[in-house]
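# Structural overview for review
What follows is each chain in one-letter form.
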Amino acid sequence: MLKKIIIAVYIFITLSCGNAFAVILDKAEAEQADLSQLQNESQLFQSIGIGIALSIAQCEGVDLCTLTVDADEVKELIKELDTRIDSLTLRQEQAEDPVGFDSVLTAYINERDNYSSHLEKIESITSTLDEKGDLLEDIEPEADFPVEAARDAELLEYIEDELSVFEDDELVDDEDLEDLPELPEIEDPETTP
């Protein structure tokens with residue numbers, strides 16, 4: 001739980017401190033975006049990728065773990081990156097700053113490769129968790145029933161034996177009050193001379 005909070009705080013700080021204007025552009029905006037907007041968007045994709053990597057890292061080697069990111073979400077981001085790369089490839093010939101444009105295109109390609117790697121890890125973790133879940137489902141609940149019943153029977157027998165000491169038996173008067181000898185009278189020191 002603490003790791004999830006740390007990841008969320010890290011993503012929030014990264015996104016808020018990095019650039020307040022960084023957003024994932026829609027298709028029309030991306031086609032008209034200038035180089036600085038595309039750089040900001042590539043940095044946003046990089047920040048999101050870091051959050052995904054942290055989410056994966058918290059579940060690697062852990063038997064039971066819930067990922068904070070879904071494979072379908074990563075697939076959508078990869079699809080968006082592919083669309084952006086295709087669009088930038090078409091615009092590459094018309095670029096005013098070819099070196100800057102190539103660096104942005106390279107950043108998008110690197111992020112797509114990172115996201116593909118993240119997706120493979122997510123699918124691996126998810127399949128591993130599913131396999132472990134299937135192992136638990138293979139155990140039949142009836143197999144535990146006789147063991148549980150025997151243990152419950154032993155516990156019940158033990159409790160009955162231990163509590164039998166406290167059962168209310170009918171009290172039997174062993175002594176008859178008439179058979180007791182008379183008690184001597186105690187003299188009162190004030191009355192004796």
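Further up the page is the structure itself.
Position labels on residues start from 1 in each chain and follow its written sequence. Thresholds applied to this predicted model are a pLDDT of at least 70 for local features of residues and 80 or more for the giving and counting of side-chain atom pairs; totals over whole chains, interfaces and linings are not thresholded and use all residues. Note: side-chain values were computed over all heavy atoms of the structure, leaving out hydrogens and water.

The helix count covers DSSP runs of H or I at least four residues long, the strand count covers runs of E at least two residues long, and both are numbered beginning at the N terminus. Within the protein chain, the secondary structure is distributed over six helices and zero strands. Ordered by position from the N terminus, the helices and strands of the protein chain form the series α-α-α-α-α-α. In this description, contact between two residues means that some pair of their heavy atoms is separated by no more than 4.5 Å. Pairs at least 24 residues apart make up 72% of the contacts formed inside the protein chain by residues separated by at least 6 positions.

Another point: the nonpolar core. As used in this record, nonpolar core signifies buried Ala, Val, Leu, Ile, Met, Phe, Trp, Tyr and Cys residues forming a set joined through side-chain atoms within 4.5 Å. Buried, partly exposed and exposed residues are distinguished by accessible area as a fraction of the type maximum, computed with a 1.4 Å probe on protein chains only: under 20%, between the cut-offs, and over 50%, respectively. The biggest cluster of nonpolar side chains holds 26 residues, and the ones touching the most others in it are Leu-38, Ile-52, Val-74, Leu-88, Tyr-108, Tyr-115 and Ile-122. Breaking this core down by element, the ones donating at least two residues are helix H3 (35-59), helix H4 (71-91) and helix H5 (98-138). The leading source of residues in this core is H5, at eight residues. If sequence neighbours within four positions are ignored, Ile-122 has contacts with Ile-52, Ile-56, Leu-67, Val-69, Ala-71 and Val-74.

Right, let's talk about a nonpolar patch on the surface for a bit. Here the term patch refers to residues with relative accessible area over 30% and no salt bridge, with like charges joined within 9 Å and nonpolar side chains (Val, Leu, Ile, Met, Phe, Trp, Tyr) within 5 Å. Here the Shrake-Rupley method, with its probe set to 1.4 Å, supplies the accessible areas, and only the displayed protein chains count as covering residues. By definition, a salt bridge exists where a carboxyl oxygen of Asp or Glu is found within 4 Å of a side-chain nitrogen of Lys or Arg. The grouping of Leu-155, Tyr-158 and Ile-159 at the surface amounts to a nonpolar patch, some 300 Å² of accessible area in total. Here Leu-155 shows up in helix H6 (residues 141-163). By relative accessible area, which is 48% here, Leu-155 ends up partly exposed.

Here the focus is H4. For H4, built from 21 residues, the straight-helix expectation of 30 Å at 1.5 Å per residue is met to within 8% by its first-to-last C-alpha distance of 30 Å. Buried residues of H4: Ala-71, Val-74, Leu-77, Ile-78, Leu-81, Arg-84, Ile-85, Ser-87 and Leu-88, and no others. Given the number of residues in a helix, its expected span is that number minus one, multiplied by 1.5 Å.

What follows deals with the pattern of salt bridges. The tally for this structure, following the rule as stated, stands at six salt bridges. One connected set of salt bridges, linked through shared partners, spans Glu-41, Glu-80 and Arg-84.

Across the interface, H3 lies against H4 with an axial gap of 12 Å and an inter-helix angle of 155 degrees. Classed by the angle they form, the pair H3 and H4 counts as roughly antiparallel. Crossing hand, H3 versus H4: left-handed. Across the interface between the two elements, Leu-38, Glu-41, Phe-45, Ile-48 and Ile-52 of H3 pack against Val-74, Leu-77, Glu-80, Leu-81, Arg-84, Leu-88 and Arg-91 of H4. Note on method: axes are straight lines fitted to C-alpha atoms, helices fitted across the in-contact stretch only, with angles between N-to-C directions ranging 0 to 180 degrees. Any angle that is under 35 degrees is reported as roughly parallel, and any over 145 degrees as roughly antiparallel; angles of 65 to 115 degrees are reported as roughly perpendicular and all others as oblique. For any pair of crossing helices, the crossing counts as left-handed if the nearer helix is rotated counterclockwise from the farther one by less than a right angle, and right-handed if it is rotated clockwise.

As a further point, take the side chain of Glu-111. Considering the arrangement of structural elements, one finds Glu-111 in helix H5. For the buried residue Glu-111, which engages in no salt bridge, the nearest side chain bearing the opposite charge is Arg-112, 11 Å off. Setting aside residues no more than four positions away along its own chain, Glu-111 makes contact with Ser-42, Phe-45, Gln-46 and Leu-81. Counting rule applied: Lys, Arg positive; Asp, Glu negative; His and chain ends not counted.

Right, let's get into the environment of Glu-96. Tracing the chain through its elements places Glu-96 in the loop between H4 and H5. With 61 residues separating them in the primary sequence, Glu-96 and Leu-35 have C-alpha atoms 9.5 Å apart.

With that settled, the discussion passes to H3. Helix length check: H3, at 25 residues, gives a terminal C-alpha distance of 37 Å against a target of 36 Å (1.5 Å per residue), a fit within 8%. Note on H3: the residue one or two positions beyond its end, Gly-61, has a positive phi of about 80 degrees.

Our next topic: a negative patch on the surface. Each charge is placed at NZ for Lys, CZ for Arg, CG for Asp and CD for Glu. On the surface, a cluster of negative charge is made up of Glu-154, Glu-157, Glu-160, Asp-161 and Glu-162. In this fold, Asp-161 is placed in helix H6.

Moving on: the packing of aromatic side chains. Note on ring pairs: Phe, Tyr and Trp rings are taken, using the six-membered ring of Trp, and paired if centres are within 6.5 Å. Classes follow the plane angle, with under 30 degrees stacked, over 60 edge-to-face and the rest tilted. As enumerated under the stated definition, the model contains two aromatic pairs in all. Look at Phe-45 and Tyr-115: their rings are 6.3 Å apart centre to centre, the planes differ by 75 degrees, and that puts the pair in the edge-to-face class. Highlighted residues: Phe-45 in helix H3 and Tyr-115 in helix H5, separated in sequence by 70 residues. The exposure class of Phe-45 is buried, given its relative accessible area of 0%. Feature note: the residues Phe-45, Tyr-108 and Tyr-115 constitute an aromatic cluster, connected by ring pairs.

By themselves, these are just geometric observations and shouldn't be taken as functional.
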